[in-house]
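So you can see what is in the structure, the chains are spelled out below.
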Amino acid sequence: DKFSFEKLSFRTDINLSEEVIKKYDSNYNWDWKALTENTSIQYSLAFIDEYIGKPWHWDVISTRDDLTMDFLEKHKDMDWDWYIVTSKAHYVPSV
């Protein structure tokens with residue numbers, strides 16, 4: 001390969017998007033933790049759900065304001081930063 005997708009994962013000056021990552025996902029070695037931290041990419045919860053088995057940086061995803069209780073419940077076994085999650089206004093625990 002002529003490209004290092006691991007290194008591209010860190011780049012904020014190129015047009016990385018969900019579509020680009022999907023196109024090259026199965027054949028290339030992305031750095032999923034770097035992709036999670038890459039602020040130039042706006043991931044939908046649907047994209048994260050589709051790629052739930054990837055090694056996301058869950059501490060970073062825990063800071064998202066668009067997390068829903070349904071998403072958290074569906075993926076409760078992920079390595080969430082529950083301190084951050086529970087400090088968000090959208091977090092309403094059920095008893």
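Details of the structure are given in the entry above.
Residues numbered from 1 in each chain as written. Predicted model: local features only at pLDDT ≥ 70, side-chain atom pairs only at ≥ 80, totals over all residues. Heavy atoms only, no water.

S.K.: Where do I start with the overall build of the protein chain in this structure?
M.R.: Secondary structure summary: the protein chain contains seven helices and zero strands in total. Each helix and strand of the protein chain, placed in order from N terminus to C terminus, yields the pattern α-α-α-α-α-α-α. Along the first, second and third principal axes, the C-alpha set of the protein chain runs to 55 × 25 × 20 Å. Scored against the burial criterion, the 95 residues of the protein chain give a buried share of 35%. Pairs at least 24 apart in sequence give 35% of the contacts found in the protein chain among residues at least 6 apart. When the accessible surface of the protein chain is summed, it comes to about 6,400 Å², and 49% of that surface belongs to carbon and sulfur atoms. Positive and negative charge centroids in the protein chain, built from 11 and 18 side chains respectively, lie 5 Å apart. (Helix = DSSP H or I, 4+ residues; strand = E, 2+ residues; numbered from the N terminus. Buried < 20%, exposed > 50% of the residue type's maximum accessible area, 1.4 Å probe, protein only. Contact = heavy atoms within 4.5 Å. Areas by Shrake-Rupley, 256 points an atom, 1.4 Å probe, with all protein chains shown as cover. Lys, Arg positive; Asp, Glu negative; His and termini not counted. Charge placed at Lys NZ, Arg CZ, Asp CG, Glu CD.)

S.K.: Looking at this structure, I do not really get the pattern of salt bridges. What am I missing?
M.R.: Applying the stated criterion across every chain, the model contains seven salt bridges. Of the charged contacts in the structure, one is a salt bridge between Arg 11 and Asp 13, with a shortest N-O distance of 2.7 Å. Lys 88 is the partner of Asp 65 in a salt bridge, and the nearest nitrogen-oxygen pair spans 3.0 Å. Placement of the pair is Asp 65 in the loop between helix H5 (58-61) and helix H6 (69-74) and Lys 88 in the segment after helix H7 (82-87), with a sequence separation of 23 residues. (Salt bridge = Lys/Arg side-chain N within 4 Å of Asp/Glu carboxyl O.)

S.K.: What is the right way to read the environment of Val 20 from this model?
M.R.: By the secondary structure assignment, Val 20 is in helix H2 (residues 18-24). A relative accessible area of 26% places Val 20 in the partly exposed class. If sequence neighbours within four positions are ignored, Val 20 has contacts with Asn 15 and Trp 30.

S.K.: Sorry, what's going on with the side chain of Lys 88 here?
M.R.: Polar side-chain contacts of Lys 88 include one of 3.0 Å to the side chain of Asp 65. Aside from chain neighbours lying at most four places away, what touches Lys 88 is Ser 62, Thr 63, Arg 64 and Asp 65. (Polar contact = N/O pair within 3.5 Å; in protein donor to acceptor, adjacent residues only side chain to side chain.)

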